[in-house]
Amino acid sequence: MSTPSMDVRYVAQLARLNLSPDEAERFQAQLEQVLAYVEQLEQLDVKGIEPTAHAVPRSNVFRADEESSSLPVDEALGNAPQRLNNLFRVPKVVE
Amino acid sequence: MSLHTLTLAQAAEKVRRKEVSSVDLVKALLVRIREVDPRVQAFLDVNEEDALEQARLRDRESPSGALHGVPVLLKDNMNRRGTFCSCGSKILNGYRAPYNATVVERLEKAGAVFLGRANMDEFAMGSSTENSAMHATRNPWDLERIPGGSSGGCAAAVASDMAFGSLGSDTGGSIRQPAAVCGCVGLKPTYGRVSRYGLVAFASSLDQIGPITKDARDAALLLQTIAGHDPRDSTSLPDAVPDYSKALEQGIKGLRMGLPKEYFAPGLDPQVEKLVRAAVEELRQLGAELVEISLPHTPYAVAVYYVIATAEASANLARFDGVRYGHRTSEPSDLLDLYGRTRAEGFGPEVKRRIILGTYVLSSGYYDAYYLRAQKVRTLIRRDFGEAFKKCDFILTPTSPTPAFKLGEKANDPLQMYLADICTIAANLAGICGISVPCGRTGGAGKPLPVGLQFLGPSMGEETLFRVAGAYEQVCRWDRNPGL
């Protein structure tokens, strides 16, 4: 882990999150402080330690392969900010 | 006697015996809410008509379920069909749940009536409920102070008798810490004990739903109702659900009580320490055997948490993009503009910070250094508990290092806010269960403030927690009336 070098603007862009200049400045300072705190994890030797992704590891959990009802299309689209027929409407993506 | 002061179990009993109707209970709470909530502001909305209508229906049925006709309160991050669910965020403005969360289904099956939505930190990110996009909630014991968070609305409502009991969610302490600082009982069940289907996800490897109640019996009653396997949540465990209320009466003779030295470190408020140590003595007198233990990786828990929880949150919150539900920015020029502005307008500062941090620790070049390393330290923290539970049956710690702090005190210092969860976070990382119970109030100048005591149990150790909480409650007498 090197010295914190996060570019808040760039990372926010990756997260599809627009920031105002004021926010970018504030978050940069605050998050550098948080990263400096997180740096303490470097003190530990974690060689050979398996990572924990879930506290209660369960894998390949399947439900019974039985047909069942699902949300009707109209209800699934009930919260759509904009819809067109049975679709969510968004700005044009492909020219 | 005023009905609003009843516990959940007492209210259920009165309905069963037909001494009161469900409508009586709902009306009593509505009166109380009108009187107190303008000051406390625990609710985001109270569905008066809807609650009364549910109650009328319950009154026409013959009581069968354990909560027949009894109103309960939900944190604003659980879906209940046809009602709003906003996670305390503007980005879910206007969203109506198209389906029921499993916990809602189970409460409904038990006969419960839904009262409304409790305020919370936006997307459960916070320890003070100040991060709600709607308004801050006040601590009923001192209106200048925070009710804890993120389930602060639930705890404040229960503590001021505006609700008999509630369900919150706990990712790093969000049930236990508000319960502690408001003087309630709050239980975070073992990871996998309660289905999260229909809970809006924050950090999926840590989130659990659990009760915030007036006493341990009510917490047992609610857990009994909501626990158990659910095929719709692949992390839910198939283990049978024992009779939790039975455990309350079993006593603690011979139980080994572990006291981890790392939780009594500098930074612990002297009054909190004094009350917690007094509780240790009382538990010894009840027959518990004291064992000194060590959880050596405790100091790293907050750092691990803020890497893992933000990483998972950044992924989970990607779905709030203005496409399928909630807020959408006006007149976007293209799809990127739609995403970027929708999220800029919809999320508050703490959520933005965490999305950025989470995106960063998962990004190429930093994944190993931050995320993978944090997951490895998480293993060390889990092992600490594994070792400790060989020596003891439960662990005792403070729930929060301090009583409730003042509104605004930590609002501009995210790191200080994160440290408010220092005693509760490790349980989520390890997936074990924990309960906070009141152990008294502070004295001296200023208003008395409740202090919480935390018992941690091993995975699926809820019965042990209820044994200890039940026994302790019998000897810990304190005035739980905040005087509102």
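Structural notes, computed from the coordinates.

Conventions we followed
Along each chain, residue indices are assigned from 1 in the same order as the chain's sequence is written. Labels are handed out in written order, letters beginning with A for the chains and numbers beginning with 1 for the ligands. Note on the predicted model: pLDDT of at least 70 is required for a residue's local features to be given, and 80 or more for side-chain atom pairs to be given and counted; whole-chain, interface and lining totals, by contrast, use all residues. As a convention, hydrogens and water are excluded, and side-chain values are obtained from all of the structure's heavy atoms. Site definitions follow a grid-based scheme: protein atoms alone, a 1 Å grid, a 1.4 Å probe that fits but cannot get out for cavities, and for pockets an open set with protein on both sides within 12 Å along at least five of seven lines, plus lining residues having an atom within 4 Å of a point. Grid points are joined across faces, edges and corners, and a volume is the space filled by probe spheres set on the points. Helix numbering and strand numbering both begin at the N terminus, where a helix is a DSSP run of H or I of at least 4 residues and a strand a DSSP run of E of at least 2. When residues are grouped by polarity, Ala, Val, Leu, Ile, Met, Phe, Trp, Tyr, Cys and Pro land in nonpolar, Asp, Glu, Lys and Arg in charged, and all others, Gly among them, in polar. Pairing between two strands requires that DSSP report at least two bridges joining them. Angles run from 0 to 180 degrees between N-to-C directions of axes, and those axes are lines fitted to C-alpha atoms, restricted for helices to the stretch in contact. Basic side-chain nitrogens of Lys or Arg form a salt bridge, by our definition, when they fall within 4 Å of a carboxyl oxygen of Asp or Glu. Using a 1.4 Å probe on the protein chains alone, a residue whose accessible area is under 20% of its type maximum counts as buried, one over 50% counts as exposed, and one in between counts as partly exposed. Ring pairs are drawn from Phe, Tyr and Trp, using the six-membered ring of Trp, whenever the two centres fall within 6.5 Å, and their geometry is named by plane angle: stacked under 30 degrees, edge-to-face over 60, tilted for the rest.

### Notes on empty space enclosed by the protein
Residues and elements named next belong to chain B. Going through the model one piece at a time under the given rule, you end up with 5 cavities of 30 Å³ or more. Here the largest cavity is characterised by a volume of approximately 80 Å³. In terms of lining residues, the largest cavity is bounded by Asn 47, Leu 74, Lys 75, Asp 76, Met 78, Arg 80, Thr 83, Phe 84, Phe 114, Gly 116 and Arg 117. Only β2 (71-75) and β3 (113-118) provide two or more residues apiece to the lining of the largest cavity. Its residues assigned to classes, the lining of the largest cavity comprises 4 nonpolar, 3 polar and 4 charged.

### Section: the sheet that holds strand β5 (residues 185-188) of chain B
By definition, the strands of a sheet pair up through backbone hydrogen bonds, in either a parallel or an antiparallel sense. Residue and element names in this part refer to chain B. Spatially, the 11 strands line up as an open sheet ordered β1-β3-β2-β4-β6-β5-β10-β11-β9-β7-β8, and their pairing is mixed. Strands with a single pairing partner mark the edges of an open sheet, and in this sheet they are β1 (43-46) and β8 (289-293). Along the sheet, successive strands turn relative to each other by an average axial angle of 30°, direction set aside. Two elements, β5 and strand β6 (residues 208-213), share 2 bridges in a ladder whose sense is antiparallel. In the strand pairing of β6, Gly 186 is matched with Ile 212.

### As for the pattern of salt bridges
Side-chain pairs of opposite charge can arise whenever the charged atoms involved come near each other. Residue and element names in this part refer to chain B. Across all of its chains, the model carries 30 salt bridges over all chains by this definition. The shortest N-O distance in the salt bridge between Arg 196 and Asp 233 comes to 3.0 Å. Of this pair, Arg 196 sits in the loop between β5 and β6 while Asp 233 sits in the loop between α7 (216-226) and α8 (244-247), and the two are 37 residues apart along the sequence. Overall, Arg 196 belongs to the buried group, its relative accessible area being 12%. Residue Glu 387 is joined to Lys 390 by a salt bridge in which the shortest nitrogen-to-oxygen separation is 2.9 Å. Residue Glu 387 and its partner Lys 390 are both found in helix α13 (residues 367-391); the two are separated by 3 residues, about one turn of the helix. Judged by relative accessible area, which is 57%, Lys 390 ranks as exposed.

### Things to note about the packing of aromatic side chains
All names here are of chain B. Going through the model one piece at a time under the given rule, you end up with 16 aromatic pairs over all chains. Pairing Tyr 99 with Tyr 197 gives two aromatic rings, centres 5.3 Å apart and planes at 45°, and the pair type is tilted. Separated by 98 residues along the polypeptide, Tyr 99 in the loop between β2 and α4 (102-109) and Tyr 197 in the loop between β5 and β6 bring together distant segments of the chain. Of the residues examined, Tyr 99 reaches a relative accessible area of 26% and is grouped as partly exposed. A relative accessible area of 26% places Tyr 197 in the partly exposed class.

By themselves, these figures tell us nothing about what the structure is for.
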